[in-house]
Amino acid sequence: MRRGKALNRLTDDAGPDEVRLEFPALSEYFRLARLTAAGLGSRLGFTVDQVEDLKLAIDELCFGLTGPDLRSGTLTVRYRLGRDLIEVSGESSFDDDQSTPAQSELSRIILDALVDEHEFHRESPSSRFWILKRRVPG
Amino acid sequence: MTVDPVARDALHAKFVAFAESRDPALRDQLVEAHIGLAKYLARRFANRGEPVDDLVQVASMALVKAVDRFDPDRGFGFATYATHTIVGELKRHFRDKGWAVRAPRRMQELYLRLTKVIDSLSQTLGHPPTIADLAAATDSSEEAVLEAMEAGQAYRFTSLDAPIGGGDTQTFAANTGDVDPGMADAERRAVLAPLLARLTPRDQRIVNLRFFKEMTQGEIAAELGISQMHVSRLLAKSLAQLRNAGDDT
(Lines give C-alpha, C1' and ligand atoms only; values in the text may rest on other atoms or scores of the structure.)
Protein backbone atom coordinates (compact mmCIF):
# COMPACT_ATOMS: atom_id res chain seq x y z
CA MET A 1 0.00 0.00 0.00
CA ARG A 2 1.69 3.17 -1.18
CA ARG A 3 1.14 6.23 0.89
CA GLY A 4 1.32 9.90 -0.06
CA LYS A 5 4.44 11.88 0.65
CA ALA A 6 2.82 15.04 1.92
CA LEU A 7 -0.51 16.12 3.23
CA ASN A 8 -2.81 18.35 1.24
CA ARG A 9 -0.82 17.78 -1.92
CA LEU A 10 -2.46 17.96 -5.30
CA THR A 11 -1.76 14.89 -7.40
CA ASP A 12 -0.86 15.38 -11.03
CA ASP A 13 -4.17 13.82 -12.03
CA ALA A 14 -6.34 16.08 -9.90
CA GLY A 15 -8.25 18.93 -11.48
CA PRO A 16 -8.52 22.49 -10.22
CA ASP A 17 -12.04 22.22 -8.81
CA GLU A 18 -12.23 22.11 -5.05
CA VAL A 19 -15.14 21.72 -2.65
CA ARG A 20 -14.55 22.85 0.90
CA LEU A 21 -16.61 22.18 4.03
CA GLU A 22 -16.12 23.71 7.45
CA PHE A 23 -18.24 22.46 10.31
CA PRO A 24 -18.22 22.07 14.10
CA ALA A 25 -16.04 19.20 15.33
CA LEU A 26 -19.06 17.16 16.36
CA SER A 27 -19.96 13.72 15.05
CA GLU A 28 -23.48 14.77 14.06
CA TYR A 29 -21.93 16.92 11.34
CA PHE A 30 -19.80 14.10 9.87
CA ARG A 31 -22.83 13.16 7.80
CA LEU A 32 -22.22 16.30 5.73
CA ALA A 33 -18.67 15.18 5.00
CA ARG A 34 -19.85 11.66 4.08
CA LEU A 35 -22.64 12.86 1.82
CA THR A 36 -20.38 15.34 0.04
CA ALA A 37 -17.83 12.60 -0.60
CA ALA A 38 -20.58 10.26 -1.80
CA GLY A 39 -21.95 12.89 -4.17
CA LEU A 40 -18.55 13.60 -5.65
CA GLY A 41 -17.73 9.90 -5.88
CA SER A 42 -20.99 9.38 -7.72
CA ARG A 43 -20.04 12.18 -10.11
CA LEU A 44 -16.84 10.25 -10.87
CA GLY A 45 -18.79 7.08 -11.59
CA PHE A 46 -17.76 5.20 -8.46
CA THR A 47 -19.66 1.97 -7.85
CA VAL A 48 -21.85 1.57 -4.81
CA ASP A 49 -19.07 -0.44 -3.10
CA GLN A 50 -16.55 2.33 -3.69
CA VAL A 51 -18.94 5.03 -2.48
CA GLU A 52 -19.61 3.10 0.72
CA ASP A 53 -15.88 2.56 1.25
CA LEU A 54 -15.23 6.27 0.76
CA LYS A 55 -17.90 7.16 3.30
CA LEU A 56 -16.44 4.75 5.86
CA ALA A 57 -13.00 6.25 5.29
CA ILE A 58 -14.31 9.80 5.76
CA ASP A 59 -15.97 8.74 9.00
CA GLU A 60 -12.82 7.07 10.25
CA LEU A 61 -10.74 10.13 9.55
CA CYS A 62 -13.21 12.63 11.00
CA PHE A 63 -13.27 10.62 14.22
CA GLY A 64 -9.47 10.47 14.04
CA LEU A 65 -9.30 14.25 13.82
CA THR A 66 -11.64 14.89 16.73
CA GLY A 67 -10.61 12.09 19.09
CA PRO A 68 -12.98 10.65 21.66
CA ASP A 69 -13.44 13.78 23.78
CA LEU A 70 -15.95 16.48 23.15
CA ARG A 71 -13.94 19.55 22.22
CA SER A 72 -14.84 22.96 20.94
CA GLY A 73 -13.49 23.54 17.45
CA THR A 74 -14.00 23.04 13.76
CA LEU A 75 -13.09 20.55 11.03
CA THR A 76 -12.25 21.70 7.53
CA VAL A 77 -12.54 19.08 4.80
CA ARG A 78 -11.47 19.73 1.21
CA TYR A 79 -12.35 17.56 -1.79
CA ARG A 80 -10.56 17.63 -5.12
CA LEU A 81 -11.51 15.61 -8.16
CA GLY A 82 -9.34 14.14 -10.87
CA ARG A 83 -10.42 12.29 -13.98
CA ASP A 84 -10.75 9.02 -12.10
CA LEU A 85 -9.86 9.86 -8.52
CA ILE A 86 -10.87 11.90 -5.52
CA GLU A 87 -8.55 13.46 -2.96
CA VAL A 88 -9.88 14.42 0.43
CA SER A 89 -7.88 16.37 2.99
CA GLY A 90 -9.01 17.40 6.42
CA GLU A 91 -7.77 19.51 9.28
CA SER A 92 -8.98 20.10 12.80
CA SER A 93 -8.80 23.35 14.70
CA PHE A 94 -9.57 23.36 18.40
CA ASP A 95 -9.96 26.10 20.95
CA ASP A 96 -8.01 24.13 23.56
CA ASP A 97 -4.45 22.81 23.53
CA GLN A 98 -5.17 19.11 24.16
CA SER A 99 -3.39 16.74 21.83
CA THR A 100 -5.38 14.42 19.59
CA PRO A 101 -4.72 10.68 20.13
CA ALA A 102 -2.35 9.02 17.67
CA GLN A 103 -3.87 7.06 14.82
CA SER A 104 -4.55 3.51 15.95
CA GLU A 105 -3.22 0.41 14.21
CA LEU A 106 -6.78 -0.68 13.55
CA SER A 107 -7.55 2.65 11.90
CA ARG A 108 -4.54 2.26 9.60
CA ILE A 109 -5.61 -1.27 8.64
CA ILE A 110 -9.13 -0.11 7.92
CA LEU A 111 -7.94 2.76 5.73
CA ASP A 112 -5.50 0.49 3.89
CA ALA A 113 -8.52 -1.52 2.77
CA LEU A 114 -10.80 1.41 2.03
CA VAL A 115 -8.65 3.84 0.03
CA ASP A 116 -5.60 3.75 -2.24
CA GLU A 117 -3.44 6.13 -0.23
CA HIS A 118 -3.75 7.80 3.15
CA GLU A 119 -1.84 9.87 5.64
CA PHE A 120 -2.60 11.11 9.12
CA HIS A 121 -0.48 13.70 10.92
CA ARG A 122 -1.02 14.53 14.55
CA GLU A 123 0.05 18.04 15.47
CA SER A 124 -0.91 19.39 18.87
CA PRO A 125 -3.54 20.67 19.25
CA SER A 126 -4.75 19.96 15.71
CA SER A 127 -4.34 17.10 13.24
CA ARG A 128 -4.50 16.64 9.48
CA PHE A 129 -5.38 13.80 7.13
CA TRP A 130 -5.22 13.17 3.42
CA ILE A 131 -6.70 10.30 1.43
CA LEU A 132 -6.85 9.38 -2.23
CA LYS A 133 -9.28 6.94 -3.81
CA ARG A 134 -9.24 5.95 -7.44
CA ARG A 135 -12.16 4.70 -9.49
CA VAL A 136 -11.83 1.02 -10.26
CA PRO A 137 -13.45 -0.01 -13.54
CA GLY A 138 -16.47 -2.22 -12.94
CA MET B 1 -19.68 28.59 10.80
CA THR B 2 -16.82 30.49 12.37
CA VAL B 3 -17.49 33.15 14.99
CA ASP B 4 -15.92 36.58 15.08
CA PRO B 5 -13.40 36.45 17.99
CA VAL B 6 -14.53 39.86 19.29
CA ALA B 7 -18.17 38.80 19.31
CA ARG B 8 -17.20 35.50 20.92
CA ASP B 9 -15.30 37.27 23.70
CA ALA B 10 -18.23 39.63 24.30
CA LEU B 11 -20.57 36.65 24.49
CA HIS B 12 -18.27 34.86 26.89
CA ALA B 13 -18.18 37.95 29.11
CA LYS B 14 -21.99 37.95 29.17
CA PHE B 15 -22.07 34.30 30.20
CA VAL B 16 -19.58 35.00 32.97
CA ALA B 17 -21.70 37.94 34.16
CA PHE B 18 -24.88 35.85 34.03
CA ALA B 19 -23.24 33.01 35.95
CA GLU B 20 -22.58 35.46 38.77
CA SER B 21 -25.72 37.61 38.71
CA ARG B 22 -28.42 35.26 37.28
CA ASP B 23 -29.93 38.47 35.93
CA PRO B 24 -33.13 37.58 33.95
CA ALA B 25 -32.54 40.41 31.47
CA LEU B 26 -29.08 39.04 30.72
CA ARG B 27 -30.53 35.57 30.30
CA ASP B 28 -33.05 36.89 27.77
CA GLN B 29 -30.21 38.48 25.79
CA LEU B 30 -28.25 35.23 25.74
CA VAL B 31 -31.29 33.22 24.66
CA GLU B 32 -32.12 35.73 21.96
CA ALA B 33 -28.54 35.63 20.67
CA HIS B 34 -28.81 31.85 20.12
CA ILE B 35 -32.42 31.41 19.06
CA GLY B 36 -31.24 30.86 15.49
CA LEU B 37 -29.34 27.77 16.62
CA ALA B 38 -32.47 26.37 18.28
CA LYS B 39 -34.55 26.94 15.14
CA TYR B 40 -31.86 25.45 12.93
CA LEU B 41 -31.65 22.28 15.02
CA ALA B 42 -35.45 22.01 15.24
CA ARG B 43 -35.68 22.09 11.45
CA ARG B 44 -33.22 19.20 11.25
CA PHE B 45 -35.89 17.07 12.93
CA ALA B 46 -38.65 18.17 10.57
CA ASN B 47 -40.52 15.69 8.32
CA ARG B 48 -40.81 13.13 11.08
CA GLY B 49 -44.47 13.65 11.83
CA GLU B 50 -44.22 16.54 14.27
CA PRO B 51 -45.16 20.16 13.46
CA VAL B 52 -42.08 22.32 13.08
CA ASP B 53 -43.55 24.94 15.41
CA ASP B 54 -43.73 22.32 18.18
CA LEU B 55 -40.12 21.32 17.55
CA VAL B 56 -38.99 24.96 17.68
CA GLN B 57 -40.82 25.26 20.99
CA VAL B 58 -39.01 22.19 22.39
CA ALA B 59 -35.68 23.45 21.08
CA SER B 60 -36.26 26.93 22.51
CA MET B 61 -37.02 25.56 25.96
CA ALA B 62 -33.89 23.43 25.75
CA LEU B 63 -31.94 26.54 24.80
CA VAL B 64 -33.14 28.33 27.93
CA LYS B 65 -32.10 25.29 29.97
CA ALA B 66 -28.68 25.33 28.28
CA VAL B 67 -28.19 29.03 29.05
CA ASP B 68 -29.10 28.39 32.70
CA ARG B 69 -26.76 25.44 33.06
CA PHE B 70 -23.79 26.55 30.96
CA ASP B 71 -20.56 26.95 32.87
CA PRO B 72 -18.33 29.43 30.97
CA ASP B 73 -15.28 28.18 32.86
CA ARG B 74 -15.50 24.64 31.45
CA GLY B 75 -13.66 25.49 28.26
CA PHE B 76 -16.33 24.46 25.72
CA GLY B 77 -18.06 27.00 23.52
CA PHE B 78 -21.71 27.59 24.32
CA ALA B 79 -22.85 26.53 20.83
CA THR B 80 -21.29 23.10 21.38
CA TYR B 81 -22.92 22.70 24.76
CA ALA B 82 -26.29 24.03 23.59
CA THR B 83 -26.31 21.80 20.50
CA HIS B 84 -25.99 18.70 22.67
CA THR B 85 -28.67 19.90 25.06
CA ILE B 86 -31.11 20.87 22.32
CA VAL B 87 -30.60 17.72 20.23
CA GLY B 88 -30.99 15.62 23.38
CA GLU B 89 -34.30 17.33 24.20
CA LEU B 90 -35.57 16.92 20.64
CA LYS B 91 -34.74 13.21 20.67
CA ARG B 92 -36.39 12.85 24.06
CA HIS B 93 -39.45 14.59 22.67
CA PHE B 94 -39.78 11.98 19.93
CA ARG B 95 -39.05 9.15 22.31
CA ASP B 96 -41.71 10.37 24.72
CA LYS B 97 -44.12 10.46 21.84
CA GLY B 98 -43.31 6.83 21.10
CA TRP B 99 -41.70 7.61 17.76
CA ALA B 100 -38.15 6.72 16.96
CA VAL B 101 -36.03 9.47 15.45
CA ARG B 102 -35.60 8.03 12.03
CA ALA B 103 -35.36 8.73 8.37
CA PRO B 104 -38.47 9.83 6.51
CA ARG B 105 -40.60 6.92 5.33
CA ARG B 106 -39.90 7.55 1.64
CA MET B 107 -36.16 7.20 2.39
CA GLN B 108 -36.71 3.95 4.27
CA GLU B 109 -38.74 2.61 1.35
CA LEU B 110 -36.09 3.63 -1.17
CA TYR B 111 -33.39 2.06 1.01
CA LEU B 112 -35.27 -1.25 1.05
CA ARG B 113 -35.72 -1.11 -2.72
CA LEU B 114 -32.02 -0.35 -3.18
CA THR B 115 -31.08 -3.36 -1.06
CA LYS B 116 -32.70 -5.60 -3.66
CA VAL B 117 -31.81 -3.60 -6.76
CA ILE B 118 -28.08 -3.49 -5.93
CA ASP B 119 -27.90 -7.27 -5.74
CA SER B 120 -29.94 -7.90 -8.88
CA LEU B 121 -28.03 -5.26 -10.87
CA SER B 122 -24.70 -6.65 -9.67
CA GLN B 123 -25.68 -10.01 -11.16
CA THR B 124 -27.03 -8.49 -14.37
CA LEU B 125 -24.09 -6.15 -14.95
CA GLY B 126 -21.42 -8.49 -13.66
CA HIS B 127 -20.03 -5.73 -11.41
CA PRO B 128 -21.37 -3.46 -8.67
CA PRO B 129 -23.70 -0.76 -10.04
CA THR B 130 -22.86 2.93 -9.98
CA ILE B 131 -25.08 5.45 -8.23
CA ALA B 132 -26.37 6.53 -11.65
CA ASP B 133 -27.35 2.89 -12.39
CA LEU B 134 -29.28 2.76 -9.12
CA ALA B 135 -31.00 6.08 -9.76
CA ALA B 136 -32.14 4.89 -13.16
CA ALA B 137 -33.30 1.51 -11.85
CA THR B 138 -35.35 3.04 -9.04
CA ASP B 139 -36.55 6.06 -11.00
CA SER B 140 -34.97 8.33 -8.41
CA SER B 141 -32.41 11.11 -8.44
CA GLU B 142 -28.79 10.31 -7.59
CA GLU B 143 -29.14 12.59 -4.55
CA ALA B 144 -32.13 10.57 -3.31
CA VAL B 145 -30.17 7.33 -3.73
CA LEU B 146 -27.24 8.75 -1.75
CA GLU B 147 -29.57 10.06 0.97
CA ALA B 148 -31.29 6.68 1.23
CA MET B 149 -27.94 4.87 1.44
CA GLU B 150 -26.89 7.24 4.20
CA ALA B 151 -30.21 6.85 6.02
CA GLY B 152 -29.85 3.08 6.02
CA GLN B 153 -26.45 3.05 7.66
CA ALA B 154 -25.53 2.70 11.30
CA TYR B 155 -22.70 5.15 11.71
CA ARG B 156 -23.59 6.00 15.26
CA PHE B 157 -22.48 3.87 18.14
CA THR B 158 -24.85 1.03 18.87
CA SER B 159 -25.61 0.23 22.47
CA LEU B 160 -24.25 -3.03 23.84
CA ASP B 161 -27.81 -3.99 24.62
CA ALA B 162 -29.22 -3.07 21.26
CA PRO B 163 -30.64 -5.89 19.12
CA ILE B 164 -28.13 -7.14 16.57
CA GLY B 165 -30.54 -6.55 13.72
CA GLY B 166 -31.54 -8.53 10.69
CA GLY B 167 -34.26 -10.27 12.66
CA ASP B 168 -31.90 -11.33 15.44
CA THR B 169 -33.35 -11.30 18.92
CA GLN B 170 -30.00 -11.61 20.72
CA THR B 171 -28.09 -8.56 21.84
CA PHE B 172 -24.58 -7.44 21.05
CA ALA B 173 -23.55 -7.89 24.68
CA ALA B 174 -24.63 -11.52 24.63
CA ASN B 175 -22.50 -12.30 21.60
CA THR B 176 -19.14 -10.86 22.52
CA GLY B 177 -16.14 -12.64 23.96
CA ASP B 178 -15.04 -15.19 21.35
CA VAL B 179 -12.56 -14.46 18.62
CA ASP B 180 -13.19 -15.97 15.20
CA PRO B 181 -10.35 -18.50 14.71
CA GLY B 182 -9.79 -17.09 11.22
CA MET B 183 -8.58 -13.85 12.78
CA ALA B 184 -5.64 -15.27 14.69
CA ASP B 185 -3.02 -15.78 11.97
CA ALA B 186 -1.23 -12.45 11.98
CA GLU B 187 0.70 -10.59 14.59
CA ARG B 188 -1.19 -7.36 14.32
CA ARG B 189 -4.43 -9.21 14.53
CA ALA B 190 -3.25 -10.62 17.85
CA VAL B 191 -2.77 -7.09 19.08
CA LEU B 192 -6.23 -6.19 17.92
CA ALA B 193 -7.87 -9.38 19.16
CA PRO B 194 -9.18 -7.89 22.44
CA LEU B 195 -10.91 -5.16 20.47
CA LEU B 196 -12.28 -7.48 17.83
CA ALA B 197 -13.49 -9.91 20.48
CA ARG B 198 -16.10 -7.32 21.35
CA LEU B 199 -17.84 -8.01 18.05
CA THR B 200 -20.15 -10.90 17.35
CA PRO B 201 -18.52 -13.80 15.48
CA ARG B 202 -20.45 -12.82 12.36
CA ASP B 203 -19.29 -9.20 12.54
CA GLN B 204 -15.70 -10.33 13.22
CA ARG B 205 -15.87 -12.43 10.10
CA ILE B 206 -17.13 -9.54 8.00
CA VAL B 207 -14.45 -7.21 9.40
CA ASN B 208 -11.84 -9.86 8.71
CA LEU B 209 -12.98 -10.38 5.12
CA ARG B 210 -13.16 -6.66 4.33
CA PHE B 211 -10.15 -5.20 6.16
CA PHE B 212 -7.71 -8.12 6.41
CA LYS B 213 -8.61 -10.21 3.35
CA GLU B 214 -9.57 -7.03 1.44
CA MET B 215 -12.62 -8.57 -0.20
CA THR B 216 -15.16 -6.08 -1.55
CA GLN B 217 -18.52 -5.60 0.09
CA GLY B 218 -20.17 -7.29 -2.89
CA GLU B 219 -17.89 -10.32 -2.61
CA ILE B 220 -18.59 -10.61 1.11
CA ALA B 221 -22.31 -10.35 0.46
CA ALA B 222 -22.10 -13.21 -2.04
CA GLU B 223 -20.01 -15.33 0.33
CA LEU B 224 -22.35 -14.83 3.29
CA GLY B 225 -25.58 -14.90 1.30
CA ILE B 226 -26.74 -11.47 2.47
CA SER B 227 -27.26 -8.20 0.62
CA GLN B 228 -24.43 -5.77 -0.14
CA MET B 229 -26.31 -3.06 1.75
CA HIS B 230 -26.54 -5.35 4.77
CA VAL B 231 -22.77 -5.88 4.65
CA SER B 232 -22.29 -2.13 4.40
CA ARG B 233 -24.55 -1.50 7.38
CA LEU B 234 -22.83 -4.16 9.50
CA LEU B 235 -19.39 -2.78 8.65
CA ALA B 236 -20.40 0.74 9.66
CA LYS B 237 -21.86 -0.60 12.89
CA SER B 238 -18.75 -2.66 13.65
CA LEU B 239 -16.42 0.28 13.07
CA ALA B 240 -18.50 2.45 15.37
CA GLN B 241 -18.35 -0.26 18.04
CA LEU B 242 -14.61 -0.76 17.62
CA ARG B 243 -14.00 2.97 17.76
CA ASN B 244 -15.99 3.23 20.94
CA ALA B 245 -14.25 0.19 22.42
CA GLY B 246 -10.88 1.71 21.52
CA ASP B 247 -11.80 4.90 23.32
CA ASP B 248 -12.53 2.90 26.46
CA THR B 249 -9.13 1.19 26.53
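Up top is the structure.
Conventions adopted
Here the residue numbers are simple positions, counted from 1 along each chain's written sequence. Chain letters start at A and ligand numbers start at 1, both assigned in the order the entries are written. Where local features are concerned, this predicted model is filtered to residues with pLDDT of at least 70; where side-chain atom pairs are given and counted, the filter is 80 or more; whole-chain, interface and lining totals use all residues. With C-beta atoms placed from the backbone, the exposure class of a residue follows from how many other C-beta atoms lie within 10 Å of its own: 20 or more, buried; 12 or fewer, exposed; in between, partly exposed. A run of H or I in DSSP becomes a helix once it reaches four residues, and a run of E becomes a strand once it reaches two; helices and strands are each numbered from the N terminus. Each direction from the helix axis to a C-beta atom contributes to the arc, which is the arc of those directions. By the convention adopted here, residues are in contact when the distance between their C-beta atoms, placed from the backbone, does not exceed 7 Å. Here, any two strands with at least 2 DSSP bridges between them count as paired.

Trainee: Even after reading the chapter, I still don't get helix α6 (residues 131-138) of chain B, so can you show me in this structure?
Mentor: Each α-helix turn comprises 3.6 residues. Residues three or four places apart therefore point the same way. Residues and elements named next belong to chain B. Taken together, the buried positions of α6 are Ile131, Asp133 and Leu134. Along the long axis of α6, the arc covered by the buried residues comes to 155°, so they all point the same way. The first or second residue beyond α6 is aspartate 139, which carries a positive phi of 55°.

Trainee: Would you mind going over helix α7 (residues 142-151) of chain B with me for this structure?
Mentor: By the burial criterion, the buried members of α7(B) are Val145(B), Leu146(B), Glu147(B), Ala148(B) and Met149(B). Elements in contact with the buried residues of α7(B): α1 (30-44) of chain A together with α5 (105-125) and α6 of chain B.

Trainee: Before we go on, may I ask you to explain the pairing of strand β3 (residues 85-94) of chain A in this structure?
Mentor: Side-chain positions along a regular strand alternate between the two faces of the sheet. Residue and element names in this part refer to chain A. A large share of β3 lies buried, amounting to eight of its 10 residues. Alignment of strand β2 (residues 73-82) against β3, held across nine bridges, turns out to be antiparallel. The residue bridging threonine 76 from the neighbouring strand is glutamate 91, located in β3. Between β2 and β3, which pair antiparallel in sequence order, lie two residues. The pairing of β3 with strand β5 (residues 126-134) spans seven bridges and is antiparallel. Pairing of serine 89 across the sheet is with tryptophan 130, part of β5.

Bear in mind that shape data such as this cannot, by itself, settle questions of function.
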